[in-house]
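Reading the structure
So you can see what is in the structure, the chains are spelled out below.
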Amino acid sequence: MSLYNTQKFLYELNRDEATQARYRADLEALIGGFDLTGEESNALREGDIGLLYVLGVNGQILMHYAAFLGIEWFDYLDQMRAGIEKYGPVRAGVYAMTGGGDSFTTEGKES
Amino acid sequence: MSLVYAGVLSHAPGITGRADLAKNTGLRDEFYAALDQQRQEIEASGAEALIVVAAEHFANFFMNNMPAYCIGIGDRYEGPIEDPDWLKIAKTSVPGAGDLAAKITREVMHTVDVAYAEEWKFDHGIMVPLNFLTPQYDLPIIPVNINCQGPPLTPLPRAWAFGEALRGACDSVPEKVAIVGTGGISHWPATPDSGKINEAWDRDFLDRLMRNDRAALMDYDDEETYQEAGQGGFEIRTFITIAAAAGGLGELQFYTAELPIFAVGCTVAKFSLDSAS
Ligand SMILES: [Fe+2]
C-alpha cells in the first residue's frame with residue numbers, strides 16, 4: 001500500500017493548488033498526513049525524482065511533479081537514469097526503462 | 001441532429017511544451033498545419049459541441065475509485081493542471097455542455113455502464129488538443145475518459161462498444177456534435193526512453209484503423225502492446241473508440257515518427273461517418 005500512498009500524495013499535489021500551497025507552507029505536515037515509509041518520505045522531502053521513479057511511481061504522475069518542481073526536461077530524464085544507476089531497476093508499475101539508458105531524442109542539449 | 005465529425009489526434013505535452021526544442025521545424029510546422037486543418041474541418045461541420053475522448057494522466061481519476069469510462073457533465077472546466085510554463089498553455093476556463101452531456105450519458109448507459117463527473121480538471125491530454133482545435137476556447141467541450149493508465153484496463157472490445165454507444169447517443173440528440181479521440185500509438189513517455197517510437201508498429205496500427213477493420217483492431221493484447229509499443233500504447237483505446245463511433249473509413253492526414261522531442265508518433269486523421277444501420 002505504501003507505493004499507493006506515495007502516488008496519492010503526488011496525485012493530490014499535482015492537481016490541487018491548495019495542496020501546492022500547503023506543500024510550500026509546511027511540507028512536513030503534508031507528508032505527515034500520508035502513511036509512508038522513511039524512504040518514501042525522504043524522497044518526497046528531497047524531490048528525489050530518481051528514487052521515486054525506481055520505487056514505481058507512475059511516470060505521468062512523476063513527470064507532472066518534476067514540472068511542478070521546475071526541473072528542466074533533459075535534467076528530468078537524466079535524474080530518472082541516475083536513479084536507476086543508484087538504486088537499481090524500476091521495482092513496480094509499467095514505466096520501466098527499456099532502452100538501456102540511451103537517449104531517444106535527437107533534439108536538445110546533445111546537439 | 002447527429003454526429004457531424006470524427007477524427008483523432010496526438011496529445012503529448014511536448015507538442016506545445018517543447019515546441020522550441022524541435023530540430024525539424026519544417027516538419028513540426030507541417031504537423032501544426034494538419035492540426036489547424038482539423039480545426040477548420042470541425043468548424044465547417046457546424047459542430048455545436050466537441051466530445052474529446054481522452055486518456056487522462058491522473059488529473060481527476062486515481063486508483064481509489066477508477067472508472068473504466070467517464071463522461072463530463074459539467075458546464076465549466078479548468079486546465080491545465082500542469083505548470084503552465086512547462087506545458088506552454090496558460091491556465092484557463094473551458095466551457096462545457098452539461099445538459100447535452102447528460103443526455104448523451106443517459107443514452108450511452110443503455111449499453112455501457114459509464115461513470116459521469118460534474119467536476120473535471122483538464123491535463124495535457126485534453127489541453128493540447130484544445131490548444132489547436134479551439135484556441136479561443138469558445139466551443140463547448142464534453143470530456144470523456146478511458147482509463148489507459150491504471151491497470152486493470154478495459155478490454156478493447158469494450159472500447160469498441162463504447163464508441164458505438166457514443167455514436168448512438170450523438171445521433172439521438174438534436175445538436176450537431178463532433179468527436180475526437182486523442183491518444184498515443186507506440187511511445188514510452190515519462191520514462192528515460194522518451195522519444196522512442198516503433199514506427200512500423202504505428203503504421204500497421206494506423207493501417208488497421210484507417211481501414212476501420214474491427215477484427216484487426218481487436219487483435220491486440222496488452223502484454224504484446226506493452227512489449228512492442230510501450231505503456232503509451234495502451235492509449236490505442238481512444239482511437240479504437242473513435243473508429244467504432246465513426247463507422248466509416250479513415251483518412252490519415254499526418255503522421256511522423258521524426259519529431260522525437262514530442263515523444264510520440266504525431267498523428268492527425270479523420271473518418272467518414274457511415275451511419276450505423
Ligand atoms: Fe497520454
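Heads up: the structure comes first, above all this text.
Numbers given for residues are sequential positions, taken from 1 along each chain in its written order. Chains and ligands are labelled sequentially in the order written, the chains with letters from A and the ligands with numbers from 1. Local features are withheld for residues below a pLDDT of 70 in this predicted model, meaning they are given only at 70 or higher, and side-chain atom pairs are given and counted only at 80 or more; totals for whole chains, interfaces and linings count all residues. Hydrogens are left out, water is left out, and the side-chain values use all remaining heavy atoms of the structure.

When the parts of a complex come together, some accessible area is lost, and that lost area is often used as the size of the interface. Two residues form a contact once any of their heavy atoms are found within 4.5 Å. Between chain B and chain A, the residue contacts involve 36 residues of the former and 36 residues of the latter. Here the quantity called buried area is the total loss of accessible area, with a 1.4 Å probe, experienced by two parts when brought into contact, counted for both. Between chain B and chain A, a total of about 3300 Å² is buried, with carbon and sulfur atoms accounting for 61% of that surface. Of all residues in chain B, Phe62, Ala190 and Pro192 of chain B bury the most surface against chain A, accounting for 21% of the area lost on that side. Each salt bridge in this description consists of a side-chain nitrogen of Lys or Arg and a carboxyl oxygen of Asp or Glu lying within 4 Å of one another. Counting the contacts that link chain B with chain A gives one salt bridge. Glu17 of chain A is paired through a salt bridge with Lys91 of chain B; the nearest N and O atoms lie 3.8 Å apart. Residue classes follow a fixed rule: Ala, Val, Leu, Ile, Met, Phe, Trp, Tyr, Cys and Pro count as nonpolar, while Asp, Glu, Lys and Arg count as charged, and any other residue, Gly among them, counts as polar. Grouping the constituent residues of the side of chain B that touches chain A by class yields 18 nonpolar, nine polar and nine charged.

The next point concerns the packing of aromatic side chains. Residue and element names in this part refer to chain B. Each Phe, Tyr or Trp ring (for Trp, its six-membered ring) is paired with any other whose centre lies within 6.5 Å, and the angle between the two planes then decides the class: stacked below 30 degrees, edge-to-face above 60, tilted in between. Under the definition given, this model contains 19 aromatic pairs over all chains. Between Tyr69 and Phe162, the aromatic rings sit 4.4 Å apart at their centres with planes inclined by 40°, giving tilted as the arrangement. With Tyr69 in strand β3 (residues 69-72) and Phe162 in helix α6 (residues 156-171), the pair connects residues that are 93 residues apart, well separated along the chain. This pair shows no difference in class: Tyr69 is buried, exactly as Phe162 is. Aromatic side chains Trp201 and Tyr220 sit 5.2 Å apart centroid to centroid with 55° between the ring planes, which places their arrangement in the tilted category. Remark: Tyr220 occurs in the loop between α8 (214-218) and α9 (222-229) and Trp201 occurs in helix α7 (residues 199-210); sequence separation between them is 19 residues. Just as Trp201 is buried, Tyr220 falls in that class too. Here the aromatic cluster, defined as three or more aromatic residues joined through ring pairs, consists of Phe31, Tyr32, Phe132, Phe254 and Phe262. One Lys or Arg, Lys196, reaches over the ring of Trp188 and ends 4.3 Å from the middle of that ring. Secondary structure elements follow DSSP: runs of H or I no shorter than four residues count as helices, runs of E no shorter than two count as strands, and numbering proceeds from the N terminus. Residue exposure (1.4 Å probe, protein chains only): buried if accessible area is under 20% of the type maximum, exposed if over 50%, otherwise partly exposed. In this scheme, Lys NZ or Arg CZ marks a charge over a ring once it lies within 6 Å of the ring centre and within 35 degrees of the ring normal.

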